Amino acid sequence: MERMTQTTKKNRNCLKIALYQPDIPQNTAAIIRLCACFKTRLDIIEPCGFLLNDKKFKRVSMDYINSCEIKSYINFQEFMKNRNNERIILMTTRAKTKYHNFKFNNNDTILFGRESAGVPKKIHQIVDQKLVIPIQKNTRSLNIVSSVAIVLSEALRQNFNL
């Protein structure tokens, strides 16, 4: 399968969102739209629970797939090889540090795990920082799209006054 790369004009910011083996094409499509609207690169770490080049996925992504810089990696090792002293910030329900108490750098990669299982323990051990979005005790988690929107908006606010 050919690697998917969509490139447009140079990004206004250097923040990146990374999805680890996403399961749900509609969520990934909504994150593509979000990243396109904020000129943020999206890294997709495969394998996915769907085909990135599938016509249905491209239809769900609408025209935003052409407005978003997307880079896909065959696995996590390939993703890690392409880091240039950039911090990888993992969003996880198992973290202690709250995202709004953290200082994001303008070249951070914010990593989100699979909708169904998060990321393996070995990735928890590799990342530079782990953050959590605080939610009510009697709830499990937010939808990944909501989580990306919340954290990306904070990182952009801190670095670009948006």
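Higher on the page you've got the structure.
Residues numbered from 1 in each chain as written. Predicted model: local features only at pLDDT ≥ 70, side-chain atom pairs only at ≥ 80, totals over all residues. Heavy atoms only, no water.

Colleague: What exactly am I supposed to notice about the environment of Arg94 here?
Modeller: Relative to the elements of secondary structure, Arg94 occurs in the loop between β5 (88–91) and β6 (97–98). Look at Arg94 and you get exposed, because its relative accessible area is 54%. As a C-alpha pair, Arg94 and His124 span 30 residues in sequence and 9.5 Å in three-dimensional space. (Helix = DSSP H or I, 4+ residues; strand = E, 2+ residues; numbered from the N terminus. Buried < 20%, exposed > 50% of the residue type's maximum accessible area, 1.4 Å probe, protein only.)

Colleague: Any chance you could explain the pattern of salt bridges here in plain terms?
Modeller: When the charged atoms of two side chains lie near each other, side chains of opposite charge can form a pair. Taken as a whole and judged by the stated rule, the model has 7 salt bridges. Among the salt bridges present, the one from Arg157 reaches Glu154, with a minimum N-O distance of 2.7 Å. Highlighted residues: Arg157 and Glu154, both in helix α5 (residues 144–160), separated by 3 residues, approximately one helical turn. The class for Arg157 is partly exposed, based on a relative accessible area of 43%. One continuous salt-bridge network, built from bridges that share partners, spans Lys16, Arg41, Asp43, Arg83 and Glu86. (Salt bridge = Lys/Arg side-chain N within 4 Å of Asp/Glu carboxyl O.)

Colleague: Just checking my understanding: could you explain unusual backbone geometry for this structure?
Modeller: Most peptide bonds adopt trans geometry, and most residues besides glycine take a negative phi value. Here Glu46 and Pro47 are connected by a cis peptide whose omega angle stands at 5°. Considering the arrangement of structural elements, one finds Pro47 in the loop between β3 (41–45) and α2 (55–60). For Gln21, which is not a glycine, the phi torsion comes out positive at approximately 45°. If you trace the backbone, Gln21 turns up in the loop between β2 (16–20) and α1 (25–37). Not every positive phi belongs to a glycine, and Lys39 is a case in point at roughly 50°.

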